[in-house]
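# Examining the three-dimensional arrangement
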Amino acid sequence: MNFDFTDEQKQFAQQVRRFAREHLAKDALKRAHDPRFPFDVAAMMAKQGLMGITLLQNEGGQGGTLMDAVIAIMEIAAECPRSADVVQFGNFGPIRTFAEYGTPVQKARWLGDLLAGRTVMSLGMTEPDAGSALTDLKASARAEGAHYAINGTKVFSTFSPDAQIFLIYVRFGPGLDGIGSVLVERGAQGFSIGAPATFMSGEQWCELHFADCRIPAENVLLGPGGFKKQMAGFNVERLGNTARSLAYGRYAFNAARDYAKTRRQFDRPLCEFQGLQWKFADMAIKLDSAQLLLYRAAANADRGMPSAYETAIAKVACNQTGFEVASEAVQIMGALGYSRETLVEYCMRRARGWMIAGGSIEILKNRIAEHVFERRFDQHGRSPTAE
Ligand SMILES: Cc1cc2nc3c(=O)[nH]c(=O)nc-3n(C[C@H](O)[C@H](O)[C@H](O)COP(=O)(O)OP(=O)(O)OC[C@H]3O[C@@H](n4cnc5c(N)ncnc54)[C@H](O)[C@@H]3O)c2cc1C
């Protein structure tokens, strides 16, 4: 067993860090407080080979591994936390499911622009009455000749104010096997996008409304029965949020450590107080343990599709660590940590969101418990005799 990166991975990490230092670090604070998608960063990253890292080279990707993508997101976040959203979008988000299951025609139409950072894709899964209970979703796709009519509402879709293309989970029929997904373009007839609302992270998202929205049949990404494949793809998305949580925790940890070396109270630097030293020791233990779980999930992933169990464990550990460490860093830096003059409070707010998004801590613990007991627990509370 080897706990170190290979020479190639180390070299890649250094290259990414150098790029982030030279091009992204300077405006990191400003970027963090801008709710719009940073298309300028996306264009730079495309040139740098940081989009589609795990995608096939003949499709415009880099032919790398999921671990390479994890390295990239963490190195970028270390210099500019907000820019890590672009690595997320270009490597972990719905683009990954799209590249895995899209038809050649769909990819020819959209993948090039997405990988070049010219357009961004938004994922519409959640509905007002289907959050954690995602399979209760009601948005429907009804066949009408060579078209489908889409009806329903989606909420909380990341990048929705800026997206040109939306990957929407829909129901073609009843039950789990009735769920699949379609691609809907901004401006499609019957598709309206609500006003942006601001969330704790500072991000803005819009409600998506479909009222007999007509899309051509070739915009179906995964037909009925596609839900399980979508969820397999979603484990990759989870790893991106997992890696960002950890990276934001580390960012805040480093900022607090540097501060504790120089800030003086009672005629001594803060780092000389044992009460704070133990905080740093606890933070380091949490960060290192969560990191090992993340690396296990990423390293064991075969061609980009990691195990649901390892992903769930890694995500819970990194989500909790990211938030707790960033929150502790705010405490250590006092009112400065609480201010918007550093990115420590931003890291805390962002990390908080991923405890809810992409499989909340509680839902993932349910999955872990199912692995422990080797049986399914129906969260709807239906016993085998009910109904
Ligand atoms: C930062 C962020 C980004 C997001 N991005 C997207 C996106 O791009 N696209 C998209 O479609 N959605 C997105 N979402 C929405 C996200 O998927 C949902 O918020 C999530 O599925 C939870 O649903 P809910 O908010 O309706 O909470 P609910 O499902 O109502 O849950 C409320 C609370 O109850 C707990 N709970 C629910 N059921 C159980 C259970 N069986 N056992 C134990 N606890 C339970 C939950 O964990 C949670 O703490 C995003 C959310 C956030 C915060």
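Quick look at the structure, then. (Residues numbered from 1 in each chain as written. Predicted model: local features only at pLDDT ≥ 70, side-chain atom pairs only at ≥ 80, totals over all residues. Heavy atoms only, no water.)

Tallying secondary structure elements over the protein chain gives 13 helices and 11 strands in all. Its C-alpha atoms give the protein chain a radius of gyration of 21 Å, within 12% of the compact-globule value 21 Å for 387 residues. Projecting the C-alpha coordinates of the protein chain onto the three principal axes gives extents of approximately 80 × 55 × 45 Å. Looking at the protein chain as a whole, 52% of its 387 residues qualify as buried. A fraction of 71% describes how many contacts in the protein chain between residues 6 or more apart in sequence connect residues 24 or more apart. (Helix = DSSP H or I, 4+ residues; strand = E, 2+ residues; numbered from the N terminus. Rg over C-alpha atoms; globule rule 2.2 N^0.38 Å. Buried < 20%, exposed > 50% of the residue type's maximum accessible area, 1.4 Å probe, protein only. Contact = heavy atoms within 4.5 Å.)

Before going further, it helps to spend a moment on the packing of aromatic side chains. Applying the stated criterion across every chain, the model contains 18 aromatic pairs. Measuring from centroid to centroid gives 5.6 Å for Tyr148 and Phe172, while their planes differ by 85°, and the two rings are edge-to-face. Of this pair, Tyr148 sits in strand S3 (residues 147-157) while Phe172 sits in the loop between strand S4 (165-171) and strand S5 (179-185); the two residues are 24 residues apart in sequence, bridging distant segments of the chain. For the residue pair Tyr148 and Phe172, the accessibility class agrees, reading buried in each case. Plain terms: the ring middles of Phe191 and Phe210 are 4.6 Å apart, the flat faces sit at 10° to each other, and that makes the pair stacked. Placement of Phe191 in strand S6 (residues 191-193) and of Phe210 in strand S8 (residues 204-216) is noted, with a sequence separation of 19 residues between them. For the pair Phe191 and Phe210, one class covers both residues: buried. (Phe/Tyr/Trp six-rings, centres within 6.5 Å; stacked < 30°, edge-to-face > 60°.)

This next bit is on the site of the ligand. In the vicinity of the ligand there are 19 residues, among which Leu123, Thr126, Ser132, Ser360 and Glu362 approach most closely. Residue Asn366 places a side-chain N or O atom 3.2 Å away from a nitrogen atom belonging to the ligand. For the shell around the ligand, the secondary-structure elements that each account for two or more residues are strand S1 (121-124), S3 and helix H13 (361-373). Among the residues forming the shell around the ligand, the class breakdown is 8 nonpolar, 10 polar and 1 charged. (Near = heavy atom within 4 Å. Polar contact = N/O pair within 3.5 Å; in protein donor to acceptor, adjacent residues only side chain to side chain. Nonpolar A, V, L, I, M, F, W, Y, C, P; charged D, E, K, R; others polar.)

This model, assessed by the stated rule, comprises 2 cavities of 30 Å³ or more. Taken as a whole, the largest cavity spans an internal volume of roughly 60 Å³. Lining the largest cavity we find Pro35, Arg36, Phe37, Arg82, Thr158, Phe159, Pro161, Asp162, Glu203, Gln204 and Trp205. Every residue lining the second largest cavity is listed: Pro94, Thr97, Leu123, Leu167, Tyr169, Gln230, Phe234 and Glu237. Taken together, the elements giving at least two residues each to the lining of the second largest cavity come down to helix H6 (94-101), S4 and helix H8 (227-262). Of all the elements, H8 adds the most residues to the lining of the second largest cavity, at 3 residues. Along the lines of polarity and charge, the residues of the lining of the second largest cavity split into 5 nonpolar, 2 polar and 1 charged. (1 Å grid on protein atoms, 1.4 Å probe; cavity = no way out; pocket = protein on both sides within 12 Å on 5 of 7 lines; lining within 4 Å. Points joined across faces, edges and corners; volume = space filled by probe spheres on them.)

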